[in-house]
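Residue strings, one per chain:
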Amino acid sequence: GRWIMGFIQVFTLKDKEMLTKKGYKFMFEQKIGDKVAYVFECHKLNFSENDLEGIRYRVTNKLYF
C-alpha cells in the first residue's frame, strides 16, 4: 500500500458498530457539512479491506474541524 497510517470514516451507526466489533479503535465523530462521520484509527498493520465488506467507508489522512 501507499499509506502507512490514517483514518477510516464511516457514516452510519450500523457501520460504526460493525467496525467496533471487529476491533477497530473508534476515535471520535466529526461533522462534515450536514453529515456525521465516525472516525476510526487506520493502521496498515490492522487494516483489511475484507473487514470492510458491505460497509460504506472512506480511508483518509485528513481530519475536518
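Quick note: structure is the one above.
Worth saying up front: this structure is predicted, and the values here are computed from it rather than measured. (Residues numbered from 1 in each chain as written. Predicted model: local features only at pLDDT ≥ 70, side-chain atom pairs only at ≥ 80, totals over all residues. Heavy atoms only, no water.)

Trainee: Sorry if this is basic, but what is going on with the environment of phenylalanine 40 here?
Mentor: Within the secondary structure, phenylalanine 40 is located in strand E3 (residues 35–43). In the structure, phenylalanine 40 is positioned 15 residues away from isoleucine 55 in sequence and 13 Å away in space, judged by C-alpha atoms. (Helix = DSSP H or I, 4+ residues; strand = E, 2+ residues; numbered from the N terminus.)

Trainee: Can you help me understand the nonpolar core in this one?
Mentor: Here is a general trend for soluble globular proteins: nonpolar side chains tend to be buried in one another's company. Counting residues in each nonpolar core, the largest one holds 10 residues, listed as Ile8, Val10, Leu19, Tyr24, Tyr38, Phe40, Cys42, Phe47, Leu52 and Ile55. At the level of secondary structure, the elements contributing two or more residues to this core comprise strand E1 (5–10) and E3. The residues touching tyrosine 24, leaving out its near neighbours within four places in the chain, are Ile8, Leu19, Phe40, Glu41, Asn46, Phe47, Ser48 and Asp51. (Core = buried A, V, L, I, M, F, W, Y, C linked by side-chain atoms within 4.5 Å. Buried < 20%, exposed > 50% of the residue type's maximum accessible area, 1.4 Å probe, protein only. Contact = heavy atoms within 4.5 Å.)

Trainee: Would you take a moment to explain the pairing of E1 for this structure?
Mentor: Remember that side chains alternate between the two faces of the sheet whenever the strand is regular. For E1, the buried fraction is high: five of the six residues fall into the buried class. Across six bridges, E1 lies against E3 in antiparallel orientation. Its bridge partner lying in E3, valine 10 is registered against tyrosine 38. With four bridges connecting them, E1 and strand E4 (residues 57–60) associate as antiparallel partners. Pairing of phenylalanine 7 across the sheet is with threonine 60, part of E4. (Pairing = 2+ DSSP bridges.)

Everything listed here is a matter of geometry and, on its own, says nothing about what the molecule does.
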